[in-house]
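Understanding the architecture of this molecule
Each chain, written out:
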Amino acid sequence: MSLKRTKIVDIFDASLVGQQVCVKGWVRTRRGNKNVQFVALNDGSTIKNIQVVVDLAKFSEEELKPITTGSSLCVEGLLVESQGKGQTCEIQAEKIEIYGTADPESYPLQKKGHTMEFLRDIAHLRPRTNTFGAVFRIRHNMAIAIHRFFHERGFFYFHTPIITASDCEGAGQMFQVTTMNLYDLKKDENGSIRYDSDFFGKQASLTVSGQLEGELAATALGAIYTFGPTFRAENSNTPRHLAEFWMIEPEVAFNDIIDNMDLAEDFIKYCVKWALDNCYDDVKFLNDMFDKELIERLEGVLKQDFVRLTYTEGIKILEDAVAGGHKFEFPVYWGVDLASEHERFLVEEHFKRPVILTDYPKEIKAFYMKQNEDGKTVRAMDVLFPKIGEIIGGSEREESYDKLVARIEELNIPMKDMWWYLETRKFGTVPHSGFGLGFERLLLFVTGMSNIRDVIPFPRTPNNAEF
Ligand code: ATP
Ligand code: MN
């Protein structure tokens, strides 16, 4: 085979019609009769297959026998306008080379529709399905959109550590990193584990957030963002939680909470628009297959301003709903950490558009959030989305050294691990704000998938780290 390969995504370019082309890919289906066979070939570059027309006058049954679903081919032939419905062009095969066969007895991805659960069990093969091909192309495109968004606005991509000795939220649920022999742990006289002999000389974990280091960067470079893996050992088996997920965390010096809300809203809209502009075929496929309102929902988000209201106002609406007979699984009262059902009620039923809730009770938010005058609330903001609930969590940060230290002491957070963080407030402190967007939550929204395990190639969840 001598012709240069054309990717299938480029083959539908009208200027190629009438030329000899070469395509390579995997067989999706083969059908036909004893005169002519039609092979649908896909190479992953697009959701579309190219139809290869095989004239049985030119090829023997024997030669075609190994061409079954999942086998891999190189095909050369003439690109012609298609007679068939739904195709713009097709290839009249002249040469076919078979790279690898896929025994129909054992290859699991035969034509029939599979459940999402089954496909999760074969996560090593599921990218070959239309659905997962679409999801992972969109995932790539969203990553590009994110970098472009921030780069265009003068933000610097800052790499924060994956292994950390500090816990950003001041709470547990971290995965430990150790090289200690777990069968022979060294303990002190009180029975506590002696980490001084461990690899880092102290207890270390996988990061739950790059924010604290992001704040160091923002108070030097002005505006930064992180985009990296994040780990939470929370034993919550929900369709919205992973033990390993990717998070985007912008942090901006001199931004207050209003600037922060504006940034979050612009950012999500930019990403959603990017998906519609650059992944339309894939989004349309997911719309037609799984979620007939997907495109409408994406376009809806672009058209509307997000509602902004305080937590206290949000609770009032939820309490009124309860008084009016609406049933929630979890109780509603001022001070409660909202459950996804509450967030979704505000978004889907009450306002019918995305909501940014601000000024949460300080007890349910992290120590670093800016304290309000009322002494009860902090300048937090959560962005709530249809079908998802919380997609972004952020805040203006407490820039006063004294107030921050007071809060750390109040919460009994060990200060010795925080000295470097506190120096941002000691030396040239400034107002600043930031937020965290869960990359897979954004993907849930953009793809319309209903389980977070289906928007990351290899999900890690309790009792599951296969592949
Ligand atoms: P939730 O209340 O939904 O568990 P959170 O308040 O614990 O989320 P934050 O600490 O605010 O989450 O993290 C910032 C963002 O990271 C969230 O808004 C969400 O988009 C995402 N996120 C948090 N935890 C997870 C997880 N386990 N899996 C996937 N994404 C997550
Ligand atoms: Mn949050």
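Residues numbered from 1 in each chain as written. Chains lettered and ligands numbered in written order. Predicted model: local features only at pLDDT ≥ 70, side-chain atom pairs only at ≥ 80, totals over all residues. Heavy atoms only, no water.

1. Structural notes on the overall build of the protein
Each helix and strand in the protein was counted, giving 13 helices and 16 strands. Reported as C-alpha extents along the three principal axes, the dimensions of the protein are approximately 85 × 60 × 45 Å. When each of the 467 residues of the protein is scored for burial, the buried share is 50%. Nonlocal contacts in the protein, meaning residues at least 24 apart in sequence, comprise 66% of its contacts between residues at least 6 apart. On the protein, roughly 22600 Å² of surface is accessible, and the fraction owed to carbon and sulfur atoms is 51%. Of the side chains in the protein, 55 bear a positive and 70 a negative charge, and the two mean positions are spaced by 5 Å. (Helix = DSSP H or I, 4+ residues; strand = E, 2+ residues; numbered from the N terminus. Buried < 20%, exposed > 50% of the residue type's maximum accessible area, 1.4 Å probe, protein only. Contact = heavy atoms within 4.5 Å. Areas by Shrake-Rupley, 256 points an atom, 1.4 Å probe, with all protein chains shown as cover. Lys, Arg positive; Asp, Glu negative; His and termini not counted. Charge placed at Lys NZ, Arg CZ, Asp CG, Glu CD.)

2. Observations concerning the site of ligand 1
Arg 232, Glu 234, His 241, Glu 390 and Ile 391 are the nearest of the 15 residues found near ligand 1. At 2.9 Å, a side-chain N or O of Arg 232 approaches an oxygen atom of ligand 1. One nitrogen or oxygen atom from the side chain of Arg 441 is found 3.0 Å from an oxygen atom belonging to ligand 1. Protein contacts shield 81% of the accessible area of ligand 1, which totals 580 Å² for the unbound molecule. By residue number, the principal contributor to the shell around ligand 1 is strand β15 (residues 389-396), which donates four residues. For the shell around ligand 1, the per-class residue count stands at six nonpolar, four polar and five charged. (Near = heavy atom within 4 Å. Polar contact = N/O pair within 3.5 Å; in protein donor to acceptor, adjacent residues only side chain to side chain. Nonpolar A, V, L, I, M, F, W, Y, C, P; charged D, E, K, R; others polar.)

3. Describing the side chain of Thr 447
Positionally, Thr 447 belongs in helix α13 (residues 439-447). Here the side chain of Thr 447 touches Met 449 through a polar contact of 3.2 Å, landing on its backbone nitrogen.

4. Things to note about the nonpolar core
With 68 residues, the main nonpolar core has Met 142 and Val 383 as its most contacted residues. The biggest single contributor to this core is helix α6 (residues 257-278), with twelve residues. Discounting residues that sit within four places of it in the chain, Val 383 has contacts with Ala 264, Ile 268, Phe 306, Val 355, Ile 356, Gly 389, Glu 390, Ile 391 and Ile 392. Val 307, Leu 318, Val 347 and Val 355 belong to the second-largest nonpolar core, a separate cluster that totals 32 residues. (Core = buried A, V, L, I, M, F, W, Y, C linked by side-chain atoms within 4.5 Å.)

5. Describing the sheet that holds strand β7 (residues 163-164)
Where strands meet in a sheet, backbone hydrogen bonds hold them as pairs that are either parallel or antiparallel. As summarised here, the arrangement of the three strands in space is β7-β9-β8, forming an open sheet in which the pairing is antiparallel. The open sheet is flanked by β7 and β8 (176-177), the only strands paired with a single partner. Two strands pair when backbone bridges link them, and β8 and strand β9 (residues 204-206) are joined in this way by two bridges, in the antiparallel orientation. Pairing of Gln 176 across the sheet is with Ser 205, part of β9. (Pairing = 2+ DSSP bridges.)

6. Structural notes on the pattern of salt bridges
Opposite charge on two side chains lets them pair, provided their charged atoms get close. Scanning the entire structure with this criterion turns up 27 salt bridges. A salt bridge links Arg 5 to Asp 43, with the shortest nitrogen-to-oxygen separation between them at 3.2 Å. With Arg 5 in the segment before α1 (8-11) and Asp 43 in the loop between β2 (36-42) and β3 (50-55), this pair connects stretches of sequence that are 38 residues apart. The exposure class of Arg 5 is partly exposed, given its relative accessible area of 36%. Because the salt bridges share partners, they merge into one network encompassing Asp 262, Glu 265, Lys 269 and Arg 308. (Salt bridge = Lys/Arg side-chain N within 4 Å of Asp/Glu carboxyl O.)

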